[in-house]
Amino acid sequence: MKDYLIVGFGFAGSSFAHLLEKNQKSFVVFNDNPAPVTTVAGAMFNPIILKRFTAVWKAQEQMHLLVPFFSEIEKKLATPLLHKVRVFRKFTSVEEKNNWFVVSDKPILSEYLSTEIINELSPCISTPFGLGEVLHTGMINTRNLIPTYQKKLEKEGKFFEEKFDYNTLEIKEDSICYKGISAKKIIFCEGYGMVNNPFFNTLPMVGSKGELLSFEADNLHLEGVIKSDGFIAPLGGNHFKIGTTYDNDDKDPSPTSLGREILIEKLERLISCPYHITDQVAGIRPTIRDRRPLVGVHPIYKQLFILNGLGTHGALLAPFTATSLFNFIEKGEAIDKEMNINRFLGKK
Ligand SMILES: Cc1cc2nc3c(=O)[nH]c(=O)nc-3n(C[C@H](O)[C@H](O)[C@H](O)COP(=O)(O)OP(=O)(O)OC[C@H]3O[C@@H](n4cnc5c(N)ncnc54)[C@H](O)[C@@H]3O)c2cc1C
């Protein structure tokens with residue numbers, strides 16, 4: 001009898017698996033896609049919503065957990081995952097610049113908004129009103145995290161790269177059984193794939209498709225992420241990416257010509273030097289109607305749990321939500337009402 005079975009191995013599943021290992025719990029993982037949305041993502045972490053200059057939900061709690069959490073995984077997997085990346089917001093007017101100064105005095109925001117205005121980041125980017133810097137930002141290298149972690153678990157016989165078939169799940173009184181594997185509990189972490197999960201698919205998953213383009217530009221010389229109408233992030237040398245699109249209607253995860261067009265328009269509004277597109281990727285973010293995560297236990301089957309709804313902030317939310325679910329199950333601690341699935345089940 002295992003302690004846990006996890007379905008899905010993106011930010012959510014891998015974060016929960018880390019907590020299980022840390023607490024000597026036994027488990028197995030089923031994941032059908034070696035390249036989940038988590039590996040498509042830019043995977044930047046930044047506690048500020050740069051459109052409105054406001055802090056993200058529970059910004060401080062999430063930021064305090066994030067670095068120690070991914071540092072532990074980095075150490076365990078003996079591979080670099082956490083990178084410091086500077087993030088700059090391009091101001092589009094004097095009013096916007098003044099507003100940055102006004103809000104940078106406010107609680108929480110004062111920790112993250114630098115009041116030093118930067119005049120230029122790259123000779124190819126016009127910034128007549130300057131740029132503001134967000135502090136304590138960075139990136140998780142998910143293209144390294146997910147495959148490296150998967151390989152480790154495969155070696156230990158804990159990972160099955162296959163689709164989880166919901167019809168084959170046997171729910172017993174105090175446990176579950178799946179293809180001969182018994183476990184005390186099952187944690188569903190399928191990202192947007194939750195829409196196919198008959199136990200949880202009444203929850204209001206919206207899903208927001210996002211696309212990114214990679215490009216080369218010899219003269220851009222940009223060190224740090226610049227956020228304007230979209231964002232450009234450096235990938236090393238003359239390699240960069242531009243993102244991103246938001247589409248709540250298209251549920252096909254493949255890249256589109258429309259996405260490419262939108263991103264090229266954003267790129268041409270932002271840079272004035274020659275560039276060459278090298279790649280395009282897309283994925284569906286697991287966004288929820290009220291923009292909060294989905295964490296909790298099934299209303300009837302007490303061995304079934306969900307960890308989802310990481311939306312546009314997987315890097316920040318994964319350690320926070322996984323820790324909350326783990327502490328709920330193992331220590332009886334309450335899940336924050338705003339992310340508890342009970343809010344959609346008519347329960348308090
Ligand atoms: C273009 C783009 C850019 C983004 N940029 C950022 C960013 O800069 N920073 C940030 O924090 N977030 C970013 N995000 C959001 C982030 O990617 C998500 O919040 C995060 O990846 C969600 O993680 P997850 O583990 O819930 O889902 P996923 O990564 O989708 O993982 C779920 C896994 O479960 C598997 N699965 C589903 N159903 C089954 C089944 N029946 N059997 C077996 N396996 C199953 C899926 O195939 C997948 O492998 C971005 C997203 C996109 C699309």
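Draft legend 1. Just the pairing of strand β2 (residues 27-30), in detail. With burial as the criterion, each face of β2 is covered, one bearing Phe27 and Val29 and the other bearing Val28 and Phe30. Relative to β2, strand β1 (residues 2-7) is paired through four bridges, and the arrangement is parallel. Across the sheet, residue Tyr4 finds its bridge partner in β2, namely Phe27. With helix α1 (residues 11-22) bridging β1 and the parallel β2, this β-α-β connection has right-handed handedness. Here β2 runs beside strand β10 (residues 159-160); their pairing, made up of two bridges, is parallel. Bridge pairing in β10 links Phe30 to Phe160.

Draft legend 2. Main features of unusual backbone geometry. A cis amide bond links Gly243 with the next residue in sequence, Thr244, at an omega value of -15°. Here Thr244 shows up in the loop between β17 (239-243) and α7 (257-270). Although it is not a glycine, His136 sits at a positive phi angle of roughly 65°. Locating His136 in the fold gives a position in the loop between β8 (131-134) and β9 (138-140). On the accessibility criterion, His136 (45% relative accessible area) is partly exposed.

Draft legend 3. Inspection of the packing of α1 against helix α3 (residues 59-77) at higher detail. Across the interface, α1 lies against α3 with an axial gap of 11 Å and an inter-helix angle of 75°. Relative to α3, the element α1 is oriented roughly perpendicular. Counted together, Phe11, Ser15, His18, Leu19, Glu21 and Lys22 of α1 and Phe69, Phe70, Glu72, Ile73 and Lys76 of α3 form the full contact between these two elements. Grouping the amino acids of the contact of α1 with α3 by side-chain chemistry returns five nonpolar, two polar and four charged.

Draft legend 4. Looking closely at the domain arrangement of the protein. Domain boundaries assigned for the protein yield domain 1 (2-46 + 142-204 + 289-344) and domain 2 (87-136 + 208-285). Here the C-alpha centroids of domain 1 and domain 2 sit 31 Å apart. Both sides together, the interface formed by domain 1 and domain 2 hides about 990 Å², and carbon and sulfur atoms give 73% of it. It is Val40, Met44 and Tyr192 in domain 1 that bury the most area against domain 2; as a group they hold 48% of the surface buried on that side. Seen at the junction of domain 1 and domain 2, the total is zero salt bridges. Here domain 1 is connected to domain 2 by zero residue pairs in polar contact (both at pLDDT 80 or more). Elements with a minimum of two residues in the side of domain 1 that touches domain 2: α2 (37-40) and β3 (44-45).

Draft legend 5. Representation of the site of the ligand in the model. The environment of the ligand is made up of 37 residues, and the closest members are Asn31, Asp32, Thr38, Phe164 and Gly311. Between the ligand and the protein, one listed contact pairs an oxygen atom with a backbone N or O atom of Ala12 at 2.9 Å. Calculation on the ligand without its partners gives an accessible area of 1,000 Å², and the protein chains cover 94% of this total. Of all elements in the fold, only α1, α2, β14 (208-216), β18 (276-285) and α8 (314-331) reach the threshold of two or more residues within the shell around the ligand. Tallying contributions element by element places β14 first for the shell around the ligand, with three residues. Looking at the shell around the ligand residue by residue, the class counts come to 17 nonpolar, 14 polar and six charged. A domain-level breakdown of the shell around the ligand finds at least three residues from each of domain 1 (2-46 + 142-204 + 289-344) and domain 2 (87-136 + 208-285).

Draft legend 6. Geometry of the sheet that holds β17. Reading across the sheet, the seven strands line up as β8-β7-β15-β16-β17-β14-β18 and stay open at both edges, with mixed pairing between neighbours. The open sheet is flanked by β8 and β18, the only strands paired with a single partner. The mean inter-strand angle of the sheet, taken between neighbouring strand axes irrespective of direction, is 25°. Sheet topology places strand β16 (residues 231-236) next to β17; five bridges connect them, and they run antiparallel. When the bridges of β17 are listed, Pro234 appears paired with Phe240. Against the sheet, α7 touches β7 (87-90), β14, β15 (225-227), β16, β17 and β18, its axis set at about 55° to β14.

Draft legend 7. Region of the structure containing helix α4 (residues 94-103). Of all the residues in α4, the buried ones are Glu96, Trp100 and Val103. When α4 is viewed along its axis, its buried side chains cluster within an angular range of 80° and face the same direction. Facing away from the buried side of α4 by more than 90 degrees, the exposed set consists of Glu95 and Val102. Tucked inside the fold, the buried residues of α4 contact β7, α5 (109-112) and β8.

What counts, and where the lines are drawn
Residues numbered from 1 in each chain as written. Predicted model: local features only at pLDDT ≥ 70, side-chain atom pairs only at ≥ 80, totals over all residues. Heavy atoms only, no water. Buried < 20%, exposed > 50% of the residue type's maximum accessible area, 1.4 Å probe, protein only. Helix = DSSP H or I, 4+ residues; strand = E, 2+ residues; numbered from the N terminus. Pairing = 2+ DSSP bridges. Right-handed = clockwise from strand over helix to strand, strands pointing away. Axes fitted to C-alpha atoms, helices over the stretch in contact; angles between N-to-C directions. Parallel < 35°, antiparallel > 145°, perpendicular 65-115°, else oblique. Contact = heavy atoms within 4.5 Å. Nonpolar A, V, L, I, M, F, W, Y, C, P; charged D, E, K, R; others polar. Domains from an automatic or database assignment. Buried area = accessible area lost by both parts, 1.4 Å probe. Salt bridge = Lys/Arg side-chain N within 4 Å of Asp/Glu carboxyl O. Polar contact = N/O pair within 3.5 Å; in protein donor to acceptor, adjacent residues only side chain to side chain. Near = heavy atom within 4 Å. Areas by Shrake-Rupley, 256 points an atom, 1.4 Å probe, with all protein chains shown as cover. Arc of directions from axis to C-beta.

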